Every structure is written in structure tokens, then in C-alpha cells.
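Listed below, chain by chain, are the residues.
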Amino acid sequence: MDLGKSKSVTPLGSSMESHGPRINKSAFRRFQKFLAMKRFKMPVRSRRLHRAGGIGLLRAAVLGANDGIVSTSSLLIGVAAAHGTHRSILVAGIAGLVSGGMSMAASEYVSVHSQADTEEAELALERTKLKQDNKSERQALTAIYVARGLEPLLANQVAQQLIAYDELGAYARDELGISEKFRARPLQASLRLRAALQLGP
Amino acid sequence: MMPLIVSAIAPEARLIPIASLSSLAVLALMGGLAAHAGGARVMMGAVRVTFWGGLAMAMTAGIGWLVGTIAQ
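Not measured: the values here are computed from a predicted model. (Residues numbered from 1 in each chain as written. Chains lettered and ligands numbered in written order. Predicted model: local features only at pLDDT ≥ 70, side-chain atom pairs only at ≥ 80, totals over all residues. Heavy atoms only, no water.)

Student: How should the overall build of chain B be read in this particular structure?
Tutor: When helices and strands are tallied, chain B shows three helices and zero strands. Reading chain B from its N end, one meets helices and strands in the order α-α-α. Within chain B, buried positions represent 33% of all 72 residues. Of all intrachain contacts in chain B linking residues separated by at least 6 positions in sequence, the fraction that spans at least 24 positions is 29%. (Helix = DSSP H or I, 4+ residues; strand = E, 2+ residues; numbered from the N terminus. Buried < 20%, exposed > 50% of the residue type's maximum accessible area, 1.4 Å probe, protein only. Contact = heavy atoms within 4.5 Å.)

Here you go:
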């Protein structure tokens with residue numbers, strides 16, 4: 001979630017150094033020097049262009065709050081329409097608020113957690129496959145790069161270099177689609193929604 | 001939280017219109033806010049959230065009215 005708070009000028013990749021896949025720092029610096037030599041300006045990361053990072057948090061909060069408002073007010077109106085007393089209307093509202101918050105938090109926690117477990121299992125499977133049959137896995141990676149538009153020879157080279165550098169990382173990113181940046185964080189998501197539902201509007 | 005507070009304060013005779021209208025107003029506001037933050041059209045987001053929220057409230061009110069008339 002560091003995209004939303006990014007400074008006005010952020011060098012490419014500087015935010016990736018703290019977490020994420022292995023970054024070859026010395027090679028990256030050499031690349032920066034090369035770019036400086038060519039008088040190439042580093043792209044400025046704009047706050048308005050990339051909304052994928054911080055927007056997830058806000059969207060989850062708004063969705064949680066909306067959900068709370070719709071369910072609570074529907075419940076209140078339903079009991080009121082059934083000619084419930086003021087007291088029973090309020091009891092139904094409080095019960096609905098608490099149960100809604102709890103079930104939302106629980107289901108969100110379970111879903112995010114099971115996704116993390118699935119990713120972990122897939123990585124373990126990939127590890128054993130790599131041990132058993134290195135060659136066909138490399139061919140699969142090459143095929144992926146060819147499908148993305150690289151020529152077969154270049155794709156083979158790319159696959160070889162990425163494997164030599166960070167084998168499991170290359171397979172995780174390009175074959176399984178797991179990247180460190182979007183790794184699921186179970187507790188945060190759960191607490192976020194619960195707070196939005198219960199303390200929010 | 002908001003609908004609960006509103007219905008605690010509101011007079012019992014006018015509870016349904018007050019609670020539903022205030023909830024719909026907040027829903028429209030939140031939908032617009034989410035759309036604006038996501039770079040989408042504000043009007044579209046507000047209308048979408050308000051429509052489905054209103055439908056949910058209307059259906060629950062209908063069920064409550066049915067149950068209330070049958071029980072009496």
C-alpha cells in the first residue's frame with residue numbers, strides 16, 4: 001500500500017527494495033548511471049495515474065460502511081413496518097450491527113487466509129516440480145514469454161537469466177501469477193472491514 | 001451506526017421515512033465518494049448504490065409489513 005503515499009519524485013524501484021522479490025541493487029545502480037549518462041529523465045510516479053495501491057483500502061472501507069448502512073436500516077425499517085415497539089426496533093438494530101460486523105470480519109478473514117494458503121501450496125508444488133523436472137519447467141516459462149510477444153530465442157535467454165537469478169521468484173511471478181506486492185494480508189483486511197462497519201457511519 | 005442513532009432520536013410515528021431517507025442520502029454520498037476516489041463517474045456510483053440500497057430497504061419493509069399484518 002505504499003503507492004498512495006509515494007513522494008512526488010520516486011526513482012524507479014526504490015519502493016521495491018523494502019519488500020518484494022530479490023532486487024539486484026548493484027545492477028540497478030549501474031542501470032541508473034547508464035540512464036543518467038544518456039540524460040534520460042526518470043519517470044515521475046504520479047499520484048493520479050496509479051490508483052491500484054491505496055484505493056483498495058478506501059474501497060474496502062466504503063463497501064463495509066455501505067453494507068452496514070443498508071443492512072442496519074433495512075432491519076430497522078422492516079421491524080418498524082411490522083409495528084414493532086421503539087424498544088424492539090432498537091434491539092434489532094443493535095443485534096444486526098454486531099452480527100453483521102462479526103460475520104463480515106470472519107468471512108473476510110477466512111477468504112483472505114485461504115487464498116494465502118493456496119498460494120503457499122502452489123509454491124510448494126512448484127518447488128517439487130522444479131526438483132523433479134527442471135527442463136520442462138524452463139520450457140513452460142519460455143512458452144509464456146513467447147506468448148507475451150518475445151521471439152523464441154530471446155524468450156529462452158530471458159527464461160535462463162531469470163532462472164539463474166531467482167528461480168522460484170521467476171516461476172511464481174510468470175507462471176503462477178503470484179507477486180510479492182499483492183500478497184494477501186489477512187488480519188489487516190479483516191480489521192479494516194470490521195472497523196468500517198462498526199465505527200463507521 | 002448512523003441508521004441506529006437516527007432511529008433512536010427520531011419520533012416513533014415518522015421513523016420509517018426519516019430512517020430510510022437519511023440512509024439513502026448517506027449511501028448516495030458514500031457511493032459518490034468511492035467513485036470519485038476511484039476516478040470513475042460520480043453520478044453513476046451514487047445512483048448505483050442508492051438504487052440497490054433503496055431496493056433492499058423496500059423489500060425488507062414489505063416483508064415486515066406482511067409479517068406485521070398476518071401476526072395481528
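Next comes the rest of the description.
Student: Would you explain the overall build of chain A in this entry?
Tutor: Summing up its helical and strand segments, chain A has seven helices and zero strands in all. Beginning at the N terminus, the succession of helices and strands in chain A can be written as α-α-α-α-α-α-α. Relative to its 201 residues, chain A shows a buried fraction of 29%. Counting only contacts in chain A whose residues sit at least 6 apart along the sequence, the fraction spanning at least 24 positions is 68%. With the model as given, the accessible surface of chain A reaches about 12,600 Å², and the carbon-plus-sulfur share is 60%. (Areas by Shrake-Rupley, 256 points an atom, 1.4 Å probe, with all protein chains shown as cover.)

Student: Looking at this structure, how should I read the environment of Ala46 of chain B?
Tutor: All names here are of chain B. Its place among the elements puts Ala46 in helix H3 (residues 42-71). Counting along the chain gives 20 residues from Ala46 to Val26, while the straight-line C-alpha distance between them is 9.8 Å. If sequence neighbours within four positions are ignored, Ala46 has contacts with Ala28, Gly31 and Gly32.

Student: Just to check I follow, could you spell out the packing of helix H3 (residues 86-132) of chain A against helix H6 (residues 167-176) of chain A for this structure?
Tutor: Two quantities define a packed helix pair, namely the angle between the axes and the distance from one axis to the other. Residue and element names in this part refer to chain A. Look at H3 against H6: their axes get within 11 Å of each other, and the N-to-C directions meet at 120°. Put simply, H3 runs oblique to H6. As for how H3 packs across H6, the hand of that crossing is right-handed. On H6, the residues touching Glu122, Leu123, Glu126, Arg127 and Leu130 of H3 are Glu167, Leu168, Tyr171, Ala172, Glu175 and Leu176. Grouping the constituent residues of the contact of H3 with H6 by class yields six nonpolar, no polar and five charged. (Axes fitted to C-alpha atoms, helices over the stretch in contact; angles between N-to-C directions. Parallel < 35°, antiparallel > 145°, perpendicular 65-115°, else oblique. Left-handed = near helix turned anticlockwise from the far one by under 90°. Nonpolar A, V, L, I, M, F, W, Y, C, P; charged D, E, K, R; others polar.)

Student: So what exactly am I meant to see when it comes to the interface of chain B and chain A here?
Tutor: For an interface, size is often stated in terms of accessible area lost upon the parts coming together. Taken together, the contact pairs 31 residues of chain B with 30 residues of chain A. Of the roughly 2,600 Å² buried at the junction of chain B and chain A (both faces included), carbon and sulfur atoms supply 76%. On inspection of chain B and its partner chain A, the count reaches zero salt bridges. Taken together, the connections running from chain B to chain A amount to two residue pairs in polar contact (both at pLDDT 80 or more). In terms of residue count, helix H2 (residues 15-38) of chain B provides more of the side of chain B that touches chain A than any other element does, 12 residues in total. Here the residues of the side of chain B that touches chain A are counted per class, giving 19 nonpolar, 11 polar and one charged. (Buried area = accessible area lost by both parts, 1.4 Å probe. Salt bridge = Lys/Arg side-chain N within 4 Å of Asp/Glu carboxyl O. Polar contact = N/O pair within 3.5 Å; in protein donor to acceptor, adjacent residues only side chain to side chain.)

Student: Whenever I open this one, the side chain of Ser23 of chain B confuses me. Can you help?
Tutor: Mapped onto the elements, Ser23 of chain B comes out in helix H2. Residue class for Ser23 of chain B comes out buried when judged on its relative accessible area of 0%. Leaving out residues up to four positions away in the same chain, Ser23 of chain B has contacts with Ile69 and Ser73 of chain A together with Met2, Pro3 and Met57 of chain B.

Student: Is there a simple way to think about H3 of chain A in this case?
Tutor: Since one α-helical turn is 3.6 residues long, residues separated by three or four positions face the same way. An ideal rise of 1.5 Å per residue puts 69 Å on 47 residues; H3 of chain A measures up with 69 Å between its terminal C-alpha atoms. Restricting attention to buried positions, one finds in H3 of chain A the residues Ile89, Ala92, Gly93, Gly96, Leu97, Gly101, Ala105, Val112, Glu119, Leu123, Glu126 and Leu130 of chain A. (Expected span 1.5 Å × (residues − 1).)

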